[in-house]
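The lines below spell out each chain.
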Amino acid sequence: MNRLVAILFFLSGACGLVYEVVWTRMMTSVFGSTAVAIGTVLAAYMTGLAVGGWLLGKAADRSRHPLRLYAYLELGVALTAAVAHLLLTQVTPAYLAIYEAFGRSHAALGVARFFIAFVLIVAPTILMGATLPVLVRFVVRRISAVGSSVSTLYAINTMGAVAGALLAGFWLIGAFGVHGAVGAAILGNLAVGAVAWIAAARGDRAIAEDAAPSAPSAEEIEPERLPVTPTTYRVVLTGLFLSGLTSFAYEVYWSRCLHFVTGNSTYAVTTVLVAFLSGIALGGYLIRFAMRRGVDAAATFGWIQVLIAIFAATAMPILFNVYDPESIRRHTWGSFGGFWNLVVSRFGIAASVMFVPAALIGATFPLAGRIGVERIEKSGAGVGRIYAINTAGNVLGALLPGLVLIHRFGIQKGLLLMAGLNLLVGFWVLVSRIGEVKYLRWAAPAALAIVLLAAFNVSLAFRFPLAAGGDWYRVLYLRDGPSATTAVLLNPNTREKSMTVDGVEIGGSGVTDYKQQLLAHLPKLLLDDVSNELSVGLGSGILAGESARHARVRTITCVEIEPTVVEGSAWFGEGGRAVAADPKIGLVVDDVANHLRTTSRTYDVVSADEKTAHEYASNGFSYSRDYYEMARRRLKPGGLVIQWVPTDLPHRQYRMILKTFCAAFPNVSLWYFGPALMSGTSNTILVGSNEPIALDLGSAARRMASDSTAFGGFARYGLATPEAVLAQFWTTRDVIEPAVAGDPENTLSHPRYEFYTADDYAVPSRQRLAQNFDLLMQLRDRTPDDALPRGNSGSGADSLLRALRGAEGEYIVACGTSLHDAPPEAVMRHLERAVELAPWNENLRARVFAQYWELGGRYFAAGNFAAAADLFRRGLRAYDRYAMGHVEYALALARIGDLDSAIQESRRGVALDPNLVAARRVLAELLLSAGRREEAHGELRAILAVEPGDDEARRLLAGF
């Protein structure tokens, strides 16, 4: 094959993938990022390709100068892509008008979205779809070379797509933004078209006047084909359509599966896509060698479908039976030597699942091309028709999982259903081709029946890692949804529930409850009018449920993108927080961007509990200026937007969020709530508004006193007084903005947040927290006194000032020195001084306890139990109401031989939380060690009363 043609088609494939990635991002930012919306956009893109292959493939056969036609197609792609991209930047008003007309009907809105997407990109995608049949017509001079030529061109174009995915996903968008990436693709198409036109002009006379076809090379010569009956040909075409459907569905399913172990960052998703496309390209190329050996193309097509079914159905179970899914997750989500090691590791995992079945999928199109092209002068039309049929199958494959299959059957059984479809296709083709073999007539229905039986009745043996804690959690709820897999887990030791989405904990009654309480109650302390609230992200429902406790709140609109999260939230309904039954709360299952664009309502409070994984950058939209400005436009006069930001983000991204938030809101306050009662990560809270919000102690006290029971969630973490809450105020926009002036913003057009640099996440979490803490300390030092919360004269105002400038200052210095691994004596001096300055601040004392807890834990892990016991004791002296604190102290005491004191501390833990299984188990084991068997027996029986499935307690009781 002409090397120039190969290079040009490779570049064309790269450009096409860049368009697909960028335009999908742009349209889903307008239509919403639900699974249905994304599938609709992809379906529109693939429909254009199918139409182009079908309609314009015939034009290739009519042209005497196919290379020149190809040049015109590439130039046309460049010009129409520029127009399409310009239209995409202006699509929002048209979409809003259509939403106004069809928004109440999901089906009608889906059709409207498809129509808009198709109309916008129809011209360039149709031209893209025609390039393969046109080049086949140019390259193929003998019918004996059809299979090899189609195979090689298809593989080259797909490898170009691999390059495009790498460029877009790892460099272009991050470096130049979406407009720059599309600009690069347009220039690429222009260059390809120009070079092809020059090459066509130079060779035009020879091509036009050459009446005899050129002699094929040795590798292009294929043996004579076995004749294919029209019936077999129709069966193959139908099978190709169904195979196209399953191939896209497999990509969706495998991507969802791999999210559990690779994450769903932009880089992880790109890596999975590259693995899939690489397999297709390899299979598309290698099948040419089989065709040169004279294989029966139709029969081979059938057997390959059978092999696809086998490998697709077994790849994931085999991987997770060889390797523990949780071990793979820890390996790929950890920082283990650098960014590129992480990428290669993720690629290896994705390839181990996808590569073989993807290679088999890649072989099907060239085989169908060899069957479908019977005359050289009709090669363009034949390949175009086959390409269109296969791509039409892709359209359905893009839509069906999100629309129907995942929610109805789940991921694993959905994979089996697709495998059953491949089996059906394979044996159907084989029966049509070699039907005289009697057993084949029964193979198709028998194979399909077995797969369907397995899909509906077999309990699959492996489970994806649902949380970082491992498999010892009890699963209360588990369901695959259109966008994610949601699980509700019970920790049998602490009786705490947690909700995970694709393995990332997003809420619960345990450590993540703290930030939800902050987001729910802080706005009610700052504003008089909080009657209407928009809660972004339902999670476990605690945020919305806690907000609904306030009498001043009349309505809460809660927007959640994933339906299974809504179902799972029902498990967190204790204490009257069942959101589905609360008349104040209205649930909207939608993407928040779509809701903000299409609603006409305004709100006093917009609370954003972003779902993000600390191991990689996800959910970049929720940290974009576009999102902030959409939320700001939905505020009532005097209203506020409140957002949680994890403080252990990479330093560059943390600064970027601060810069972006300050750029979007004229009034900003930053609050910092350190970890209290082992509440997980440190919490940065950003509050933005259109008008200044007065931070007044008297007003806050009045609001808290007017509805004190509603602030019960605050009190749980020691935030029982307005002084304790206002003491967590940090600084304002006037201080933040100069400090981050040189940092970039994160926007939809330039999504820098998710395109992090190579070393960002290779930095350990503790080091990232230290870097951000240094910035916070600098901001605190630069905050003038007149920016601090105000208070009238009196003890409350004096306490607040001492907390703001004294106790909190000592605490912050202690945290900073601890993060920089200072000696514990230096840390303890500041912690003790902080408690001395504000002994009334229960939240501060709880945070001081948490610092001692962390220090003690380090010494305990290192085997210095005496030092650990001393640190635990100091922590409990500051705050003694946390049950697990007493349990850990008891374990340290037991290690240094003070068994009686250890038993006493364990009893204190049990008294604080009688349902804490971990405390009772430690107490039982200590009692057994002390020979107090009767008391130990009682504790073990108490454990089983709380947790009947506790195998360890049963084992110990069996010894009595």
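### Looking at the pattern of salt bridges
- All told, the structure shown has 29 salt bridges when counted by the stated rule.
- In this structure, R716 and D513 form a salt bridge, with 2.8 Å as the shortest nitrogen-oxygen distance. Remark: D513 occurs in helix 15 (residues 513–526) and R716 occurs in the loop between helix 22 (712–715) and helix 23 (722–726); sequence separation between them is 203 residues.
- Here D513 falls in the buried class, since its relative accessible area comes to 0%.
- Connected through shared salt-bridge partners, E832, D870, R873, R874 and R877 make up one network.

### Brief notes about the confidence of the model for the chain
- Chain-level pLDDT for the chain is 85 on average; 86% of the residues reach the 70-or-more range.
- No element of the chain has a lower mean pLDDT than helix 10 (residues 325–333), at 58, and none a higher one than helix 24 (residues 733–739), at 97.
- Here residues 205–215 is modelled with pLDDT under 50, and outside its nearest four sequence neighbours on either side it reaches 11 contacts, counting other chains as well.

### Some thoughts on the sheet that holds strand 6 (residues 555–560)
- Reading across from one edge, 7-6-5-8-9-11-10-12 is the order of the eight strands in this open sheet, with mixed pairing throughout. The open sheet is flanked by strand 7 (585–589) and strand 12 (729–732), the only strands paired with a single partner. Between one strand axis and the next, the sheet turns through 20° on average, direction left out of account.
- For strand 10 (residues 667–673) and strand 11 (residues 683–689), the ladder comprises seven bridges, and the chain directions are antiparallel. Note that in strand 11 the partner of W671 across the bridge is I685.
- Together, strand 9 (635–646), strand 10 and strand 11 form the strand contacts of helix 20 (residues 651–664), whose direction differs from that of strand 11 by roughly 15°.

### Focus: the environment of K636
- Here K636 shows up in strand 9.
- Residue classification places K636 among the partly exposed positions, given a relative accessible area of 21%.
- Between the alpha carbons of K636 and D604 there is a distance of 5.3 Å; along the sequence they are 32 residues apart.
- Setting aside chain neighbours within four positions, we find K636 in contact with S531, N532, T602, Y603 and D604.

### A word on the sheet that holds strand 4 (residues 504–508)
- Strand order across the open sheet formed by four strands is 1-2-3-4, with antiparallel pairing between neighbours. The open sheet has two free edges, formed respectively by strand 1 (474–480) and strand 4, since each of these has just one partner strand. Ignoring strand direction, the axes of neighbouring strands in this sheet form an average angle of 20°.
- Note that strand 3 (residues 497–501) and strand 4 share four bridges and pair antiparallel. When the bridges of strand 4 are listed, T500 appears paired with E505.

Rules of the game
- Residues numbered from 1 in each chain as written.
- Predicted model: local features only at pLDDT ≥ 70, side-chain atom pairs only at ≥ 80, totals over all residues.
- Heavy atoms only, no water.
- Salt bridge = Lys/Arg side-chain N within 4 Å of Asp/Glu carboxyl O.
- Helix = DSSP H or I, 4+ residues; strand = E, 2+ residues; numbered from the N terminus.
- Buried < 20%, exposed > 50% of the residue type's maximum accessible area, 1.4 Å probe, protein only.
- pLDDT = per-residue confidence, 0-100.
- Contact = heavy atoms within 4.5 Å.
- Pairing = 2+ DSSP bridges.
- Axes fitted to C-alpha atoms, helices over the stretch in contact; angles between N-to-C directions.

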